[in-house]
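What the coordinates show
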Amino acid sequence: MRREGGAAGAQQGRQQEALRTEFEFELPRGFVDEAGTVHRTGAMRLATARDELLPLRDIRVRENPAYLSVVLLGRVITRLGTLPSVHDGTVENMFASDLAFLQDFYRQINAEGHTRAAVACPHCEESFEVELAGSRLGES
């Protein structure tokens, strides 16, 4: 096996280490399971083309296109609290505010490719970045 040396090899190593495929989040309200346990922290992975295409075959999505996000989120949420698994049935029983949060979070990590945003202080106008992954609504 040939190893790349020098600056090119070091840069390639950094690029491979920099790719994150799973992102932590915390729901604003939390999912309440059948036992009454509230689950707020979880993780979502990056979506694949398959994740976005397969739900289009789902009869529920064909009958109601708004159901697409429920099926899609059920595929990409990898962990939620201590639940043994997460699926579209879990997502459809979430509070509307949590569903909206997860839809926005999905867009942040998939469409934009990162969870950091450049912002400026409204008082001093200093520019800086904030981490959006894992933040709750209304927090920075």
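Coordinates for the structure precede this section.
These lines cover the structure that appears in this document, whether it is placed above or below. (Residues numbered from 1 in each chain as written. Predicted model: local features only at pLDDT ≥ 70, side-chain atom pairs only at ≥ 80, totals over all residues. Heavy atoms only, no water.)

Within helix α4 (residues 68-76), seven of the nine residues are buried, leaving the element largely enclosed by the surrounding structure. Here the buried face of α4 lies against β2 (38-45), α2 (49-53), α3 (59-63), β3 (77-80), α5 (88-92) and α6 (96-110). (Buried < 20%, exposed > 50% of the residue type's maximum accessible area, 1.4 Å probe, protein only. Helix = DSSP H or I, 4+ residues; strand = E, 2+ residues; numbered from the N terminus. Contact = heavy atoms within 4.5 Å.)

Now for the environment of R50. You can see R50 is positioned in helix α2. Not counting residues up to four positions away in its chain, the partners in contact with R50 are P55 and R75.

Compared with the 21 Å implied by 1.5 Å per residue over 15 residues, the 21 Å span of α6 between its first and last C-alpha is a close match. Three or more residues of α6 are buried, namely D98, F101, L102, F105, Y106, Q108 and I109. Viewed end-on, α6 has its buried residues packed into an arc of 160°, placing them on one side of the element. On the buried face of α6, the contacting elements are β1 (22-32), β2, α2, α4 and β3. (Expected span 1.5 Å × (residues − 1). Arc of directions from axis to C-beta.)

Moving on, we come to the packing of α4 against α6. The axes of two packed helices give the description: the angle between them and the distance between them. Remark: α4 packs on α6, axes separated minimally by 11 Å, with the N-to-C direction vectors making an angle of 70°. In terms of orientation, α4 lies roughly perpendicular with respect to α6. Crossing angle aside, the handedness with which α4 passes α6 is left-handed. Mapping the contact onto sequence places S69, L72, L73 and V76 in α4 and L99, L102, Q103 and Y106 in α6. (Axes fitted to C-alpha atoms, helices over the stretch in contact; angles between N-to-C directions. Parallel < 35°, antiparallel > 145°, perpendicular 65-115°, else oblique. Left-handed = near helix turned anticlockwise from the far one by under 90°.)

Moving on, we get to the packing of aromatic side chains. Tallied over the full model, the rule gives three aromatic pairs. Ring centres 6.1 Å apart and planes at 10° place the aromatic pair F101 and F105 in the stacked group. Remark: F105 and F101 occur in helix α6; sequence separation between them is four residues, near one turn of the helix. The pair F101 / F105 is uniform in exposure class, with both members buried. Every member of this aromatic cluster is reached through a ring pair, and the members are F25, F101 and F105. (Phe/Tyr/Trp six-rings, centres within 6.5 Å; stacked < 30°, edge-to-face > 60°.)

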